[in-house]
Amino acid sequence: MTRDARSDDVAGRATALGLDGIDIDSAVATIARKLAFYDDHQPDKSAYPNEAKADAWTTVPASDWVSGFYPGALWYVHEFAMRRQWPDQALWRQRAHTWTTGLTDEQFTTTNHDLGFMIMDSFGHGYRLTGDEAYKAVVLQAAESLSKRYSETVGLIRSWGAIDDADNFVVIIDNMMNLELLVWASENGGPDRYRRIATQHADRTREEFFRPDHGTYHVIDFDPRTGALKRKYTHQGLADESCWSRGQTWAIYGYAYLHEATAEPRYLKHSIAAADHYLSRLPADHVPPSDFDSGLMGLEHRDSSAAALASCAFFRLSRLCPDAADKTRFWLAAVNALKTLLQRPYFSSSPDHASALRYQARNFHPDASHRLTNTSLIFGDYYLLEALLTYDGAVQPTSKAPSP
Ligand code: GLY
């Protein structure tokens, strides 16, 4: 979920003067058109957009980890429509509501860790923008479901696998993004236990997933009986010891969020360390290869979804960092990524592409049967919208959404 990054630092003022050349309204309108096209032409409201190589999305059911991103993107457009007083803002709210309520049953799932993505991006935004208590109840139940995957013995939330698997306890770096669900719930009527689970998960993740250079591992298997580490490996990167770029951005974003929510300085430190690793390896056009160690810089090997969520994370870091130099450099990193993503070849306004954002990678696994690159993913457009709305909130101080 985004929060307005109101920035009164030097970089923010430079941006407000129009030096960035970002046409927010045109970009949001293009993405909105594509999102509306899908809704208008998809009679099955339980078929959630997932991946697109051309003009049509493949779809997944509500139970898939990406299901929350389409309703989340619709909520962002609704938010923007309110800021700009678009005449069809009620239609955007209706669209977002329809696709959000299709996820209602997921609040009870305990079979994966992705409830944060699925429920915060749908019901979480719905509650934030409308104040509808029915949305909040779903978020609270989802937090309870996610908390069941936490183990006191391991000190982590189990990402993958059966909740009672006695041999393996698999955790992925992506799990950092699901902590918001727990922290938010603990601050909105849920027990304090949720917040403690989130911070313990974040603390052990820092110990186990970060290498000395602050690059991250993707997957770690622990012994559920003792909590001992069994194996570090990758599922979506090039190699066990390589750095999968999207995993790195999940870490940057997750710790930045957690610092904002808890005010714990150590989480800001971890986020900055992960961000510095990412930035030190970034190519000149600000879009990372799917794996930093692949050495492959062709467009078909890039992951613009990682760049989009890095932009969101850097806007947040720019706002959170107390140091003026950090504020400025993260602001510029966020804006540079956003500018690139809004241009060719990454951005497409053509109906030939179902998505706006191109050249993303689902999986860079060395086994070709798992590999999925040179494609578009619904979460790319979601995080691009989030970056655009965050930037808009920072440079247009009067554009804040009205309170529900
Ligand atoms: N969380 C799954 C992925 O980033 O592909």
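Residues numbered from 1 in each chain as written. Predicted model: local features only at pLDDT ≥ 70, side-chain atom pairs only at ≥ 80, totals over all residues. Heavy atoms only, no water.

Re the packing of aromatic side chains
Counted by the stated rule, this structure contains 29 aromatic pairs. For the pair Phe 80 and Trp 86, a centre-to-centre distance of 5.7 Å together with 80° between the ring planes defines the contact as edge-to-face. There is no split in this pair, since Phe 80 and Trp 86 are both buried. Aromatic side chains Tyr 278 and Phe 292 sit 5.6 Å apart centroid to centroid with 80° between the ring planes, which places their arrangement in the edge-to-face category. Here Phe 292 lies in the loop between α10 (265-280) and α11 (304-320) and Tyr 278 lies in helix α10, a separation of 14 residues in the sequence. With relative accessibility at 1%, the residue Tyr 278 sits in the buried group. Phe 292 gets classed as buried once you look at its relative accessible area, which sits at 7%. Directly above the ring of Tyr 233 sits Arg 231, whose terminal nitrogen or CZ lies 3.8 Å from the centroid. (Phe/Tyr/Trp six-rings, centres within 6.5 Å; stacked < 30°, edge-to-face > 60°. Buried < 20%, exposed > 50% of the residue type's maximum accessible area, 1.4 Å probe, protein only. Helix = DSSP H or I, 4+ residues; strand = E, 2+ residues; numbered from the N terminus. Lys NZ or Arg CZ within 6 Å of the ring centre and 35° of its normal.)

Structural notes on the site of the ligand
Every residue near the ligand is listed here: Trp 65, Asp 174, Gln 236, Trp 244, Arg 246 and Trp 250. A distance of 2.5 Å is found between an oxygen atom of the ligand and a side-chain nitrogen or oxygen belonging to Arg 246. Residue Trp 250 places a side-chain N or O atom 3.0 Å away from an oxygen atom belonging to the ligand. About the coverage of the ligand: the protein hides 94% of its 200 Å² of free accessible area. Taken together, the residues of the shell around the ligand break down into three nonpolar, one polar and two charged. (Near = heavy atom within 4 Å. Polar contact = N/O pair within 3.5 Å; in protein donor to acceptor, adjacent residues only side chain to side chain. Areas by Shrake-Rupley, 256 points an atom, 1.4 Å probe, with all protein chains shown as cover. Nonpolar A, V, L, I, M, F, W, Y, C, P; charged D, E, K, R; others polar.)

Topic: the pattern of salt bridges
Applying the stated criterion to the full structure yields 26 salt bridges. In this structure, Glu 264 engages Arg 266 in a salt bridge whose closest nitrogen and oxygen atoms are separated by 2.9 Å. Taking the relative accessible area as the measure of exposure, Glu 264 reaches 31% and is therefore partly exposed. Overlapping salt bridges bring together Asp 25, Glu 79, Arg 83, Arg 84, Arg 128 and Asp 392 as one network. (Salt bridge = Lys/Arg side-chain N within 4 Å of Asp/Glu carboxyl O.)

Structural notes on helix α13 (residues 378-395)
Spanning 18 residues, α13 covers 26 Å between terminal C-alpha atoms, matching the ideal 26 Å at 1.5 Å per step. The buried fraction of α13 is high, at 18 of 18 residues. (Expected span 1.5 Å × (residues − 1).)

Overview of the environment of Trp 331
Within the secondary structure layout, Trp 331 lies in helix α12 (residues 324-341). For the pair Trp 331 and Ala 143, spaced 188 residues apart in the sequence, the C-alpha separation amounts to 32 Å.

Section: the packing of helix α2 (residues 24-41) against α13
The description of two helices packed together rests on the angle between their axes and the distance between the axes. Contact geometry for α2 and α13: axes closest at 10 Å, N-to-C directions at 150°. When the axis of α2 is compared with that of α13, the two are roughly antiparallel. Viewed along their axes, α2 and α13 form a crossing whose handedness is left-handed. Only Asp 381, Leu 384, Leu 385, Leu 388, Leu 389, Tyr 391, Asp 392 and Val 395 of α13 make contact with α2, whose side of the interface consists of Ile 24, Ala 27, Val 28, Ile 31 and Leu 35. Its residues assigned to classes, the contact of α2 with α13 comprises 11 nonpolar, no polar and two charged. (Axes fitted to C-alpha atoms, helices over the stretch in contact; angles between N-to-C directions. Parallel < 35°, antiparallel > 145°, perpendicular 65-115°, else oblique. Left-handed = near helix turned anticlockwise from the far one by under 90°. Contact = heavy atoms within 4.5 Å.)

Quick notes on the sheet that holds strand β8 (residues 229-233)
Within a sheet, neighbouring strands are paired by backbone hydrogen bonds and run either parallel or antiparallel to one another. If you trace the three strands from one edge of the open sheet to the other, you get β6-β7-β8, paired in antiparallel fashion. Of all strands in the sheet, those with a lone pairing partner are β6 (169-172) and β8, marking the two edges. Recorded for the sheet is a direction-independent mean angle of 20° between the axes of neighbouring strands. Of the pairings in the sheet, the one linking β6 to strand β7 (residues 219-222) comprises four bridges and is antiparallel in character. In the strand pairing of β7, Ile 172 is matched with Val 219. (Pairing = 2+ DSSP bridges.)

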